[in-house]
Amino acid sequence: MKPVASPLPALPAEALRASAGKTRAVVIGISDYQDPQIPDLRFADADANAFANFLRSPAGGSLDGDHLKVLIDSQATVAQFDAALGWLMDESKPGDQAIIYFSGHGDVETKTRNQHGFLLCWDSPPQSYISGAYPIFFLKDVVTTLSTENKARVLIITDACRSGKLAGNSIGGAQLTSQNLAQQFANEIKILSCQPDEYSLEGEQWGGGRGAFSFHLVDGLYGLADGNSDGSVNLMEIGRHLEDHVTPEVSPQSQVPMTVGNRTEKMAAVFPDILAQVKKNKAGQPPIFSATDSRGIEDEVLATVDSTIRALYYRFKNALKEKVFLEPPGECAEAYYLRLMAEPKLERLHNSMRRNYAAALQDDAQQAINDLMAMEKTDVNLYRLERLKKYAPYPRLLERASELLGNQHYMYPVLQARKYYFEGKVLQLESPINVDSSLGHRLLNIYHKSLQWLPNAAPTYLAMSTVYDNIIPNADSMLFYAKRTIEIAPSWTRAYTSTARRLIYKFMKHQDAKELIDQAIQVDSTSPYPWISLSILESEANGNFSGAEQYLLKAIALDSTQSTAYDALGYLYFIQNKTVKAKQAFLKAIETSKPLPSILTFLGALHSNAGQFAEAEPYYKMALEIEPKDVNCLRSLALVYFKTGRVEEGHHLIKQAMGYDSSAWALLMVGETYMDAGWYDKAIDLMKRATVLKPNDFFGWGFLGQCYSRSGRYEEAIRTLLHTLSLAPHDLYTQNDLADAYRLSGDLDAAREAYLRSLI
Amino acid sequence: MNPESPFGYMGMIKVVLAGGKPEEAMIYLEKAVQRGVSFEEVNIPEFKGLPGFAELMKKHFPDQVKD
């Protein structure tokens, strides 16, 4: 039995609903049948638990254990079911309300002439229902007694037309049972999951694994169905809510829930706090679309076709499972699908085939978005080339899924939006270097197209924010799109923390970064990421290394399975020259998850800086195997070659790096390598070129000033570093470099003043 | 940059040493160490002759200082 967590807050005593009559309910949910010949269901138990949770809430009447009997799986024997209904009849008084909820299989007896309908309990025998399933005519008696003799209001909710191969399949047993249930027995109210000729569909897309009917029924009763906002949900409103949501979401298959009874009957009271919580739980969640189970229909239809068609059908299903979608030609899901769609005898399966094919085509893209939103490691920690390989097919697959469902399908805009989103992501991943504003505008155009289809897509806004980080650097635009992301998905901590890091590293907007980090901590103080960002802020903005270290240790205490905190800790020690601790932290980072090229490069640098060139080389080479175009790593390995007399090999790597990337950043990286090799003229030349490309970027001027200083050209160093400070008055490293330059030039008074100024 | 950063103090040590003020240098050295400067950065020949250097090292880096 799968427990279903109630989405509700604790119930305030004063919120308990006062009612003239008492409500009692019997809730049955059976997924796991005792006899293996009765096919198990996937989510009937979860549906029943969710409905029981609703009844326990104020909206459902705050039923306690004395008024609610919940029988799940093995508890739901036919004897227990009968006893529970007996309890309802014994206890119900005039003016009371009796609720019967059943989620499981329904079927008809094929051995008798009348073909009576039955609800299959956990211990029902598969071959002879009459000897152990619950007959609908008994239920009819119970309802009639409750209505006419007890004078109680009776509400019956059944979700019993689930698919699966049962004894009565050949004569439409589940449907006949449903037909029986749909008849009015007395003056009871009924809500049924589908029409008699339909199957009730279930899948992962509804609440992580529920029936479409049950999922929307419960949400509707909590208040989402309160169309006229009068504080209550009546039968007409819940019926409309179910039709509005269930029917389009199972499309192109057919499921139209039905209601029977007085349409103005009040079904539930709406509690604003609870409704707000339900809405909040849904907010920011990406729309989901998944395959549905149609085993019962499948068996029936396949029994009527020859073995060649049947084999082709199973090849199609296997191709979906193996994700062999559009190629190789003739031996992929697409080819099998087209042939099967031309087979008239499979017509009853065509809609489920179309849906399941479309669902499979978009499944991975959806999972990638889910992972991103959930901050799962799977996608976030993929190497660039791995992510590129993974995402590259998505636009084509999503386009095909859109075609299959058609432009009237509720998922069509979502699929189109995701197609453009991944088109942008692929373009961004293909172009990690040599970025320019024309690429940025192309990307923004693609992401805008995505937003035209789905205006409130948080990942798309965050992707736009990243364009304004390193492609068209603009702090205001970057922050604007990040804040839009946060408005849409306020609980997505990644949006806060990744933006904060960009603000710190790229734009030095420390106050804005601090605000975002504080908000992230408020959203989820147990996530390590806000604390990692806070550490970076303390280190970069304030030079407070001990404070930064404490925040990282806190992040590790919160989640020691994430490599990010160890990586940041290694960097923190690295910049303080605490080489032993830095190495320990970096090694821990690559032990915790897969080694990132940046971490391997730092490990190489630790050895290189200590003159241990032989030890540095393998780390750099490992990093380059993962990311062959990593300019930082190429130039670091080049320095190792320069320092060990392998000058030609070094130059070859530098040439390679500059061929991949001629941006200002790359010029600076290579310039720094020349500087470290002691070739100051070459270094100064490259750094000057970088400042011409990006005259307002303090970073380039800072490097140039440092290089002048290292080459003994102190006057130029001081002039350049003063200019750097005019662009970035609070930069820790520039302040220090300027003071160093004064000191080295012999101007100790100016140096003292500069150092002291930096301490104020 | 602010008083929490060790960088400024490290620079100040070099300035005051160049001005021949080893006692003042020790004040800055202690502040730098308190703000996280590593053993490797402090344990350099330039500082080793400073008055009170050995005591300072023993106090702040007890595991790394050999008796």
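Participant: Just to check I follow, could you spell out the overall build of chain A for this structure?
Facilitator: Across its full length, chain A holds 34 helices and 13 strands. Considering only C-alpha atoms, chain A reaches an extent of 110 × 65 × 40 Å along its principal axes. Sorting the 760 residues of chain A into buried and exposed places 51% on the buried side. Once local pairs closer than 6 in sequence are excluded, the contacts in chain A between residues at least 24 apart make up 63%.

Participant: Sorry if this is basic, but what is going on with the sheet that holds strand β3 (residues 97-103) of chain A here?
Facilitator: The pairing of strands in a sheet happens through backbone hydrogen bonds and is either parallel or antiparallel. All names here are of chain A. In space, the six strands of this open sheet follow the order β2-β1-β3-β7-β8-β12, with mixed pairing throughout. Where the open sheet ends on each side, the last strands, each with one partner, are β2 (68-72) and β12 (258-260). Ignoring which end each strand starts from, the neighbouring axes of this sheet average 5° apart. With five bridges joining them, strand β1 (residues 23-29) and β2 adopt parallel strand pairing. Bridge pairing links Ala25 to Leu68 in β2. Along the sheet, helix α2 (residues 78-91) contacts β1, β2 and β3; its crossing angle with β1, the most-contacted strand, is approximately 170°.

Participant: Looking at this structure, I do not really get the nonpolar core. What am I missing?
Facilitator: As a rule of thumb, nonpolar side chains are buried together in soluble globular proteins. Ile28(A), Tyr101(A), Cys121(A), Leu221(A), Leu552(A) and Met687(A) are the most contacted members of the largest nonpolar core, which has 243 residues in total. No other element matches the eleven residues that helix α11 (residues 347-374) of chain A contributes to this core.

Participant: In this structure, what is going on with the environment of Thr493(A)? I would like to understand it.
Facilitator: All names here are of chain A. Here Thr493 is to be found in helix α19 (residues 493-507). Assessed through the 25 C-beta atoms surrounding it within 10 Å, Thr493 is described here as buried. Distance in space between the C-alpha atoms of Thr493 and Phe271 is 29 Å, their sequence separation being 222 residues.

Participant: How should the pairing of strand β7 (residues 153-159) of chain A be read in this particular structure?
Facilitator: Successive side chains on a regular strand alternate, one facing one side of the sheet and the next facing the other. Residue and element names in this part refer to chain A. Burial analysis of β7 places seven of its seven residues in the buried class, the great majority of the element. The alternating pattern of β7 places Arg153, Leu155, Ile157 and Asp159 and Val154, Ile156 and Thr158 on opposite faces, both of which are buried. Both β3 and β7 contribute to a ladder of seven bridges, which runs parallel. Its bridge partner lying in β7, Ser103 is registered against Asp159. Bridge count for β7 against strand β8 (residues 189-192) is four bridges, and the pairing is parallel. Across the sheet, residue Thr158 finds its bridge partner in β8, namely Leu192.

Participant: Looking at this model, I keep getting lost on unusual backbone geometry. Mind explaining?
Facilitator: When glycine is set aside, most residues are seen to have a negative phi, and most peptide bonds are trans. All names here are of chain A. For the bond from Ser251 to Pro252, the omega torsion is 10°, close enough to zero to count as cis. Its place among the elements puts Pro252 in the loop between α6 (235-250) and β12. Notably, Asp73 is not glycine yet its phi reads approximately 45°, a positive angle. Among the secondary structure elements, Asp73 is positioned in the loop between β2 and α2.

Participant: Got a minute to help me understand the sheet that holds strand β5 (residues 117-119) of chain A in this structure?
Facilitator: Residues and elements named next belong to chain A. Taking strand neighbours across the sheet as the criterion, the three strands line up as β4-β5-β6 in an open arrangement whose pairing is antiparallel. Lying at the two open borders of the sheet, with one neighbouring strand each, are β4 (106-108) and β6 (134-135). In terms of strand pairing, β4 meets β5 through three bridges, oriented antiparallel. In the sheet register, Gly106 faces β5, and the bridge partner there is Leu119.

Participant: Mind showing me how you'd approach the domain arrangement of chain A here?
Facilitator: Many analyses report the size of an interface as the accessible area lost when the parts associate. All names here are of chain A. You can read the domains of chain A as domain 1 (21-282), domain 2 (295-361), domain 3 (490-590), domain 4 (595-662) and domain 5 (681-759). Using only C-alpha atoms to locate each centre, domain 3 and domain 4 end up separated by 26 Å. The partner domain 4 presents six residues to the ten residues of domain 3 that form the contact. For the side of domain 3 that touches domain 4, the elements supplying multiple residues, two or more each, are α23 (563-575) and α24 (579-592). For the side of domain 3 that touches domain 4, the element with the most residues is α24, which contributes six residues.

Participant: How do you make sense of the confidence of the model for chain A when you look at a structure like this?
Facilitator: Close inspection of predicted coordinates is inappropriate for parts of the model with low pLDDT. All names here are of chain A. Per-residue confidence for chain A gives a mean pLDDT of 87; residues scoring 70 or more make up 90%. Per-element averaging of pLDDT across chain A places helix α12 (residues 377-380) at the bottom with 54 and helix α10 (residues 333-341) at the top with 97. Scored below 50 in pLDDT, residues 1-19 shows 31 contacts in the model against residues more than four places distant or in partner chains.

Participant: Sorry if this is basic, but what is going on with the interface of chain B and chain A here?
Facilitator: Counting residues at the interface gives 20 residues for chain B and 23 residues for chain A. Elements supplying a minimum of two residues to the side of chain B that touches chain A: α1 (7-18) and α3 (39-42) of chain B. For the side of chain B that touches chain A, the element with the most residues is α1(B), which contributes seven residues. For the side of chain B that touches chain A, the class distribution of residues is eight nonpolar, seven polar and five charged.

Participant: I would appreciate a short explanation of the packing of α23(A) against helix α25 (residues 597-609) of chain A in the present structure.
Facilitator: Two measures define how a pair of helices packs: the angle their axes make with one another and the distance between the axes. Residue and element names in this part refer to chain A. Where α23 contacts α25, the axes come no closer than 11 Å and their chain directions differ by 25°. Taken as axis vectors, α23 and α25 run roughly parallel relative to one another. Where α23 crosses over α25, the two elements pack in a sense that is left-handed. Contact residues: α23 offers Asp567, Gly570, Tyr571 and Phe574, while α25 offers Ile599, Phe602 and Leu606. Residue classes in the contact of α23 with α25 are distributed as five nonpolar, one polar and one charged.

Participant: Looking at this model, I keep getting lost on helix α26 (residues 613-626) of chain A. Mind explaining?
Facilitator: Along an α-helix, residues three or four apart share an orientation, since each turn contains 3.6 residues. Over its 14 residues, α26(A) extends 21 Å from the first C-alpha to the last, a length consistent with the 20 Å expected when each residue adds 1.5 Å. Close packing links the buried residues of α26(A) with α25 and α27 (631-643) of chain A.

Definitions and limits used
Residues numbered from 1 in each chain as written. Chains lettered and ligands numbered in written order. Predicted model: local features only at pLDDT ≥ 70, side-chain atom pairs only at ≥ 80, totals over all residues. Helix = DSSP H or I, 4+ residues; strand = E, 2+ residues; numbered from the N terminus. Buried ≥ 20, exposed ≤ 12 C-beta atoms within 10 Å, placed from the backbone. Contact = placed C-beta atoms within 7 Å. Pairing = 2+ DSSP bridges. Axes fitted to C-alpha atoms, helices over the stretch in contact; angles between N-to-C directions. Core = buried A, V, L, I, M, F, W, Y, C linked by C-beta atoms within 7 Å. Domains from an automatic or database assignment. pLDDT = per-residue confidence, 0-100. Nonpolar A, V, L, I, M, F, W, Y, C, P; charged D, E, K, R; others polar. Parallel < 35°, antiparallel > 145°, perpendicular 65-115°, else oblique. Left-handed = near helix turned anticlockwise from the far one by under 90°. Expected span 1.5 Å × (residues − 1).

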